[in-house]
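# Structure at a glance
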Amino acid sequence: MSPCLISSSRIISRRACRHAPSLGVTIVRRPHQTRFINTQPAYPGHIPLNRFENAVLAVGSAVMSLADPRRGDMVAALGETTAGPSLPRLRDIMLDSSEGRKILKDRPKVNSQTVDLRKLAQYPEGTFGRAYITWLERCGVTPDTREPVHYIADPELAYVMQRYRECHDFYHCICSLPVNVESELALKYFEFANLGLPMAALSAAFGHLRLSSKKRNRLFSEYVPWALKCGGSARSLITVYWEERWGQDVEELKAELGIWDPPEAKWSKPLSEAKAAAAKWQQESGPGV
Amino acid sequence: MQTVSRSIRLSARRALPTAVLTRKNHTQNSPQQTQQPEPSIRTTSFGYKTVPEESKESLVKNVFDSVASSYDLMNDASSLGVHRLWKDTFVSGLKPGRKGAVRCIDVAGGTGDIALRILDHARENYADRESSVEVVDINAQMLKEGFRRFKKTMYHNTPQISFHEANAQALPEAQFTDNTYDLYTIAFGIRNCTSIPAVLKEAHRVLKPGGTFACLEFSKVNNPLLSSLYDQYSFSMIPLLGTILAGDRDSYQYLVESIRKFPSQPDFCKMIQEAGFATGEEHDGGAWTDLWGGIACVHKGVKV
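The structure presented is a predicted model; accordingly, all values stated were derived computationally and were not measured.

Definitions and limits used
Residues numbered from 1 in each chain as written. Chains lettered and ligands numbered in written order. Predicted model: local features only at pLDDT ≥ 70, side-chain atom pairs only at ≥ 80, totals over all residues. Heavy atoms only, no water. Helix = DSSP H or I, 4+ residues; strand = E, 2+ residues; numbered from the N terminus. Buried < 20%, exposed > 50% of the residue type's maximum accessible area, 1.4 Å probe, protein only. Contact = heavy atoms within 4.5 Å. Areas by Shrake-Rupley, 256 points an atom, 1.4 Å probe, with all protein chains shown as cover. Core = buried A, V, L, I, M, F, W, Y, C linked by side-chain atoms within 4.5 Å. Phe/Tyr/Trp six-rings, centres within 6.5 Å; stacked < 30°, edge-to-face > 60°. UniProt positions renumbered as here; feature names shortened; annotations may be inferred. Pairing = 2+ DSSP bridges. Salt bridge = Lys/Arg side-chain N within 4 Å of Asp/Glu carboxyl O. 1 Å grid on protein atoms, 1.4 Å probe; cavity = no way out; pocket = protein on both sides within 12 Å on 5 of 7 lines; lining within 4 Å. Points joined across faces, edges and corners; volume = space filled by probe spheres on them. Arc of directions from axis to C-beta. Polar contact = N/O pair within 3.5 Å; in protein donor to acceptor, adjacent residues only side chain to side chain. Patch = residues over 30% accessible without salt bridge, like charges linked within 9 Å, V, L, I, M, F, W, Y side chains within 5 Å.

The helix and strand tally for chain B stands at ten helices and ten strands. Of all 304 residues assigned to chain B, the portion counted as buried reaches 54%. Restricting to contacts in chain B with at least 6 residues of sequence separation, those with at least 24 account for 74%. Carbon and sulfur atoms make up 54% of the accessible area of chain B, which amounts to about 13600 Å² in all.

All names here are of chain B. The phi dihedral of Ala-127 is positive, around 50 degrees, even though this residue is not glycine. Relative to the assigned elements, Ala-127 resides in the loop between helix 5 (113-126) and strand 4 (132-137). Residues other than glycine seldom take positive phi values, yet Phe-188 does so here, at roughly 55 degrees. Position of Phe-188 relative to the elements: it lies in the loop between strand 6 (181-187) and helix 7 (196-206).

Residues Leu-87, Phe-128, Tyr-132, Tyr-171, Phe-190, Trp-242 and Ile-259 of chain A are the most contacted members of the largest nonpolar core, which totals 61 residues. For this core, the secondary structure elements donating two or more residues are helix 4 (86-96), helix 5 (98-106), helix 6 (117-121), helix 7 (128-139), helix 8 (155-174), helix 9 (181-195), helix 11 (213-233) and helix 12 (250-257) of chain A. Take this core: its biggest share by element is eleven residues, from helix 8 of chain A. Membership of the second largest hydrophobic core comes to 30 residues, among which are Val-82, Leu-94, Ala-115 and Val-135 of chain B.

This part covers the packing of aromatic side chains. Residues and elements named next belong to chain B. Tallying each qualifying case throughout the model produces 24 aromatic pairs over all chains. Ring geometry for Phe-64 and Tyr-71: centres 6.2 Å apart, planes at 55 degrees, overall tilted. Exposure class is identical for Phe-64 and Tyr-71. Each is buried. Look at Trp-86 and Phe-218: their rings are 5.9 Å apart centre to centre, the planes differ by 85 degrees, and that puts the pair in the edge-to-face class. Residue Trp-86 is found in helix 4 (residues 82-94), and its partner Phe-218 is found in strand 7 (residues 207-218); the two are separated by 132 residues along the sequence.

To continue, consider the UniProt feature "binding site: Zn(2+)" (unreviewed entry) in chain A. Residues and elements named next belong to chain A. Per the UniProt record, "binding site: Zn(2+)" (unreviewed entry) is found at His-168, Asp-169, His-172 and Glu-184. Separation in sequence by 17 residues is not matched in space for these annotated residues, since their most distant C-alpha atoms are only 10.3 Å apart. Inspection of the secondary structure assignment puts Asp-169 in helix 8. Leave out the neighbours within four places in its chain, and Asp-169 touches Tyr-132, Trp-135, Thr-142 and Arg-146.

Here the focus is the pairing of strand 10 (residues 296-303) of chain B. All names here are of chain B. Counting buried residues along strand 10, six of its eight residues qualify, which places the element largely inside the surrounding structure. Sheet topology note: the strand 7/strand 10 ladder contains seven bridges and is antiparallel. Looking across to strand 10, one finds that Glu-217 is bridged to Cys-297. Two strands pair when backbone bridges link them, and strand 8 (residues 277-278) and strand 10 are joined in this way by two bridges, in the antiparallel orientation.

Before going further, it helps to examine the pattern of salt bridges. All names here are of chain A. Under the criterion given, the structure shown has 35 salt bridges over all chains. For Glu-99, the salt bridge goes to Arg-245, with nearest N and O atoms at 2.8 Å. You can see Glu-99 sitting in helix 5 and its partner Arg-245 sitting in the loop between helix 11 and helix 12, a full 146 residues away along the chain. Each of the two residues, Glu-99 as well as Arg-245, counts as buried. A salt bridge links Glu-256 to Arg-235; its shortest N-O distance comes to 3.4 Å. One end of the pair, Glu-256, is in helix 12; the other, Arg-235, is in the loop between helix 11 and helix 12, and 21 residues separate them in sequence. The exposure class of Glu-256 is partly exposed, given its relative accessible area of 38%. Given a relative accessible area of 27%, Arg-235 falls into the partly exposed group.

Before going further, it helps to spend a moment on empty space enclosed by the protein. Residue and element names in this part refer to chain B. Taken as a whole and assessed by the stated rule, the structure comprises five cavities of 30 Å³ or more. Here the largest cavity defines a volume of roughly 470 Å³. Lining the largest cavity we find 31 residues, and of these Ala-108, Asp-137, Ile-138, Gly-189 and Asn-192 sit closest to its centre. Elements with a contribution of two residues or more to the lining of the largest cavity: helix 2 (53-67), strand 3 (103-107), helix 5 and strand 4. Ranked by the residues each element gives to the lining of the largest cavity, the list is headed by helix 2, at five residues.

Turning to helix 10 (residues 265-274) of chain B, a few remarks are in order. Residue and element names in this part refer to chain B. Buried within helix 10 we find Gln-265, Phe-268, Cys-269, Met-271 and Ile-272. For helix 10, the buried positions fall inside an angular range of 160 degrees around the axis, keeping them on one side. On the buried face of helix 10, the contacting elements are helix 7, strand 7, strand 8, strand 9 (288-291) and strand 10. A positive backbone phi angle near 105 degrees is found at Gly-276, which sits one or two residues after helix 10.

Attention now moves to the UniProt feature "binding site: S-adenosyl-L-methionine" (unreviewed entry) in chain B. Residues and elements named next belong to chain B. Annotation from UniProt places "binding site: S-adenosyl-L-methionine" (unreviewed entry) at Thr-111, Asp-137, Asn-167 and Ala-168. Among the residues just listed, Thr-111, Asp-137, Asn-167 and Ala-168 line the largest cavity. Tracing the chain through its elements places Thr-111 in the loop between strand 3 and helix 5. For Asp-137, the location among the structural elements is in strand 4. A relative accessible area of 9% means that Asp-137 is categorised as buried. Ignoring any residue separated from it by four or fewer positions in sequence, one finds Asp-137 in contact with Ala-108, Gly-109, Gly-110, Met-142, Leu-143, His-164, Glu-165 and Ala-166. In terms of polar contacts, Asp-137 uses its side chain to reach the backbone amide nitrogen of Gly-110, at 2.8 Å.

A few words now on the side chain of Arg-245 of chain A. All names here are of chain A. For Arg-245, a relative accessible area of 10% corresponds to the buried category. Here the side chain of Arg-245 touches Gln-248 through a polar contact of 2.9 Å, side chain to side chain. Discounting chain neighbours no more than four positions away, the residues touching Arg-245 are Glu-99, Phe-128, Arg-235, Val-240, Leu-253 and Glu-256.

Residues and elements named next belong to chain A. Where nonpolar side chains cluster on the molecular surface, the patch consists of Leu-66, Leu-202, Phe-206 and Leu-209 and spans about 360 Å² of accessible area. As for its position among the elements, Leu-66 is in helix 2 (residues 51-67). For Leu-66, a relative accessible area of 46% puts it in the partly exposed group.

Here it is, written out as structure tokens:
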């Protein structure tokens, strides 16, 4: 059964149904057929949740993310369970722009397979592609596979969520922010102002509690004003087809999107992730690259 | 309400034998829609999936490898601590040590919950320090957790406790000789075994004549109201708790499905009798004792 049929059948069933609250089940009456609500997954990896389960997972993942921030799957689950109406809003913003429509049609994915790092390294200095690979090396990260989306019911909205997650590193790059905690928080404020996702607001509201007071002061006095002003006035970054702009000049791109640089950030030693990946593709590409 | 929905489900099943989708399967197809393998391959159930017999063991192994480290935490969270009451009832009903030292084998006893309770019961109630328990489990990770737990007790490095990695369906004859044990316990483990009759046969072999076979397992809840609440809780909350606490939804989905596939109390009682055990009468309070309405159940038999 194709995904769009499933979502439309759910819309029909929601209108034509009677609730059995004690069972948490919606009984659909159609001629010659009576069946329980469809809990078939709408896309690979989809885990359908009802409202109660969604709420429990939202609370549970919030607690778990604070307790153990290394649980990336819990941070992802929190984002998905709290997304609510923000995803249809983002999808509509994408539909309003021609570039966004192209993204929704192509559904590009950003991971180590689809992003050719060797080709990016060959772009001239000053282009977005070169800036991205420089940023990756400077921070020591890779465009690795992020946790796939599980808890969003509509496949298109699930893609929008996935796209947001995968483009996070592009936002880092275009705003010239490293991957330490203050910069991540600054970027969360930026994302909230620009995209309006509740998860960004939650991270922004609670993430700074783990910072030292000096860093928190710097965050709120310098970064947050920049993030809110810049994020609020810039074009919605979810509509940017980053993969088609590798060759574009970075300053021109920033001017087009309406982004200006934040206060200078502290770039620490690169994390170890990228070293291994870089060594691997150096070996594969051989000498002369 | 339950009878209404059950009759709807039954009538739907009659009308559309292949298309009924039960609400319980979140991530898998309904039992009727699983791929039917060739008839020559012997199959068994892995939760609601049908798998070849040979692969069930490794699938279960993967489940328990991944849950081992958070097993006790998840037990407490998903049963809200009630599993402790069930295990206490189970062991105190057996009264180990009352008639002298017992040689006990606790199968699928990885983390050592039952073994510890047996040794403590014998020591506290009958001042018995000669009873011994051999904990047997197919999964090394679970045994490691049990060994770690026993290090915190007074039984560590004594002959009272030992840990062995073995398959309940085929206990090595050299190590587990015939007619050796007074008590064979298996708690919340038998439903994960590929072939229940094989486990019962091995239990019969290693027990002394007059020895007791005792099994604590999740079972059928006959009360319709309790059953529907229990189902709701099992299929909604437990996989979610698995996701949140252990980061592993699939293992806990398997666990709640395997509970539904386990035979009912009378059926399991018959299997125990067929293995050569003498049981009480076939009703609750006889051959088996329901705990919490049948959510858990204690089955006992004596080797003749």
